[in-house]
Amino acid sequence: MTTTAAAVIGGVDTHADTHYAAALDQVGRLLGTRQFAADAAGYRQLLGWLESFGSVQRVGVEGTGCYGAGLTRFLRGRDVTVVEVNRPDRRARRLRGKSDPLDAEIAARRAMAAYDTAVPKDTATAVESIRVLRLARDGAVKARTAALNQLKDLITTAPDQLRSSLRGKTLRKVAAEAARFRPDMTRLANPVQVTKIALRSVGARVVALNGEVAALDRQLGALVGATAPRTMALFAVSTQHAAQLLVTAGGNPHRLRSEAAFAALCAANPIPASSGKTTRHRLNPAGDRDANATLHMIAVLRMRWDPATRDYVTRRTEDGLSKREIIRCLKRYIARQAYHAVTADLAEPATCDDTPKLARVSSEPVELIALDEPAQGLISARRNGEPTFTHVQGIADAMMAALSRGVDRVIPKQLYPDLRESLPPELPPWVKVR
């Protein structure tokens, strides 16, 4: 006689050093709870313990992007369905109390009842690399801002002769100058010399952080350009904007049911705020606030530089909408664009070649990408003489956007006389050739 293995639903309450697991049968009976170490051996023991009760149907895990990230990767690598479970609500905690076994049991019951159905992000793709690089960059930028603020305070209270020499200069220039100070280390009781020591220390910190941010920007630009060329090609989408949209979507965008779900994740979906004879919608205060801020900045840039968006703003203003409501509509439209671009980008494997090569110019048609007015970041792409234009923010993002279009290297035209002679004279000094 053939027997069918009983279905088992697991729940895990994750912590930094240990994970607590609970197992339920297919009718909701608690089969047991147990604690495991939060390491590779513990993951194997946890899965083996769940499988000892029967066939594992699904596992609800708390904190799949934090303490449960390692366990989630392990379970998904073993073809186990993982569901991201939110922590128990406060009402349930007040009624039943709080403990690790209870939290694990609640996670299993929420997974069994399909109360939580969110698919965890895949942390084994290039998007995870982008997230880690952005995390390091954001930390460096915050540290640089703190150092610049400290530098400003030191200048404010510095002795007169030292403060007068630093007035009228930007903080960046002051930091570079202060990093080269040579104070007299034998006169530590002199406020001027000690202030120079402090300024040199903070200035050197700013200079080092500038180099760190620049290096991370280069690495992030190359990775985002290779991972999401379609997203980078959207109007007013810079490297940082594209990176945030990728991180919000995750490395497995199929977990998002539709572009409406992505808009809700970015807090760009309309929330009804109607009452009586008034019919209106308002902004969503929930969702990923970083992604929402990214959509807001893209909308503001398009309102300033995109003729089609400016016409739309004029038309909607005549319809009686406020600027706040118009931006909400724009953010919803941008979220739709971004969803289709991100899903198309992540459907293809990213390729990032760190050894670009300059193509030889021949009589055959080639594609040229020129950076017109680099300070404004305007890219002019010509294919067989047909120009197209894309606005981006800044020269660095313009170069990365050019790289994402499959062109190998930026070169100054004046350094290549032979190349310059073969190019149309109207092209600006910065040219890329494939």
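You'll find the structure just up there.
Residues numbered from 1 in each chain as written. Predicted model: local features only at pLDDT ≥ 70, side-chain atom pairs only at ≥ 80, totals over all residues. Heavy atoms only, no water.

**Student:** I'd like a rundown of the overall build of the chain, residues and numbers included.
**Tutor:** Regarding its fold elements, the chain presents 16 helices and 12 strands. When contacts within the chain are restricted to residue pairs at least 6 apart in sequence, long-range pairs at least 24 apart make up 59% of them. As displayed, the chain offers around 23,300 Å² of accessible surface, 52% of which is attributable to carbon and sulfur atoms. (Helix = DSSP H or I, 4+ residues; strand = E, 2+ residues; numbered from the N terminus. Contact = heavy atoms within 4.5 Å. Areas by Shrake-Rupley, 256 points an atom, 1.4 Å probe, with all protein chains shown as cover.)

**Student:** Now, about the packing of aromatic side chains: what can you tell me, with residues and values included?
**Tutor:** One pass over the structure, following the stated rule, counts 4 aromatic pairs. Taking the centre distance of 5.2 Å and the plane angle of 90 degrees together, the rings of W49 and F53 count as edge-to-face. A relative accessible area of 28% means that F53 is categorised as partly exposed. A ring pair is formed by F262 and Y339, whose centres lie 6.0 Å apart and whose planes are at 40 degrees; its orientation type is tilted. One end of the pair, F262, is in helix 11 (residues 259-265); the other, Y339, is in helix 14 (residues 323-346), with 77 residues separating them in the sequence. (Phe/Tyr/Trp six-rings, centres within 6.5 Å; stacked < 30°, edge-to-face > 60°. Buried < 20%, exposed > 50% of the residue type's maximum accessible area, 1.4 Å probe, protein only.)

**Student:** An account of the pattern of salt bridges is requested, with residue identities and associated values reported.
**Tutor:** According to the stated counting rule, one finds 12 salt bridges in the structure shown. Residue D319 pairs with R316 through a salt bridge whose shortest N-O separation is 3.7 Å. Residues joined in a network through salt bridges with shared partners are K98, D100 and D103. (Salt bridge = Lys/Arg side-chain N within 4 Å of Asp/Glu carboxyl O.)

**Student:** So what's going on with a positive patch on the surface? Which residues, and what values?
**Tutor:** Taken together, the side chains of R87, R90, R91 and R94 present a region of like positive charge at the surface. Mapped onto the secondary structure, R90 falls in helix 3 (residues 90-96). (Patch = residues over 30% accessible without salt bridge, like charges linked within 9 Å, V, L, I, M, F, W, Y side chains within 5 Å. Lys, Arg positive; Asp, Glu negative; His and termini not counted. Charge placed at Lys NZ, Arg CZ, Asp CG, Glu CD.)

**Student:** Account for the sheet that holds strand 2 (residues 18-24), naming residues and giving values.
**Tutor:** Strand order in the open sheet formed by 5 strands is 3-2-1-4-5, with mixed pairing between adjacent strands. Every other strand in the sheet has two partners, leaving strand 3 (30-37) and strand 5 (82-85) as the edge strands with one partner each. For this sheet, the mean angle separating the axes of adjacent strands, direction not counted, is 25 degrees. Alignment of strand 1 (residues 7-14) against strand 4 (residues 55-62), held across 6 bridges, turns out to be parallel. (Pairing = 2+ DSSP bridges. Axes fitted to C-alpha atoms, helices over the stretch in contact; angles between N-to-C directions.)

**Student:** I'd like to hear about the environment of L188, residue by residue, with values.
**Tutor:** Mapped onto the elements, L188 comes out in the loop between helix 7 (171-178) and helix 8 (191-227). Under the relative-accessibility criterion, L188 is labelled exposed at 53%.

**Student:** Outline the pairing of strand 1, supporting the account with residue identities and numerical values.
**Tutor:** Along a regular strand, successive side chains alternate from one face of the sheet to the other. Within strand 1, 8 of the 8 residues are buried, which leaves it mostly tucked inside the rest of the structure. Along strand 1, one buried face is formed by A7, I9, G11 and D13 and the opposite face, lined by V8, G10, V12 and T14, is buried too. Two strands pair when backbone bridges link them, and strand 1 and strand 2 are joined in this way by 6 bridges, in the antiparallel orientation. Paired with G10 across the bridge in strand 2 is A23. Hairpin geometry of strand 1 and strand 2 is characterised by an intervening segment of 3 residues between the two adjacent antiparallel strands.

**Student:** Tell me about a nonpolar patch on the surface, and name the residues and values.
**Tutor:** Judged by side-chain polarity, M185, L188 and V194 come together as a nonpolar surface patch covering roughly 270 Å² of accessible area. Here M185 lies in the loop between helix 7 and helix 8. For M185, a relative accessible area of 46% puts it in the partly exposed group.

**Student:** Could you give an account of the nonpolar core, naming the residues involved and the relevant values?
**Tutor:** In this structure, I130, V224, L246, F262 and L295 are the most contacted members of the largest nonpolar core, which totals 40 residues. Elements with a minimum of two residues in this core: helix 5 (126-157), helix 8, helix 10 (239-249), helix 11, helix 12 (289-305) and helix 14. Counting 18 residues, the second largest nonpolar core, distinct from the first, contains L46, V59, V61 and L71. (Core = buried A, V, L, I, M, F, W, Y, C linked by side-chain atoms within 4.5 Å.)

That is the geometry; function is a separate question.
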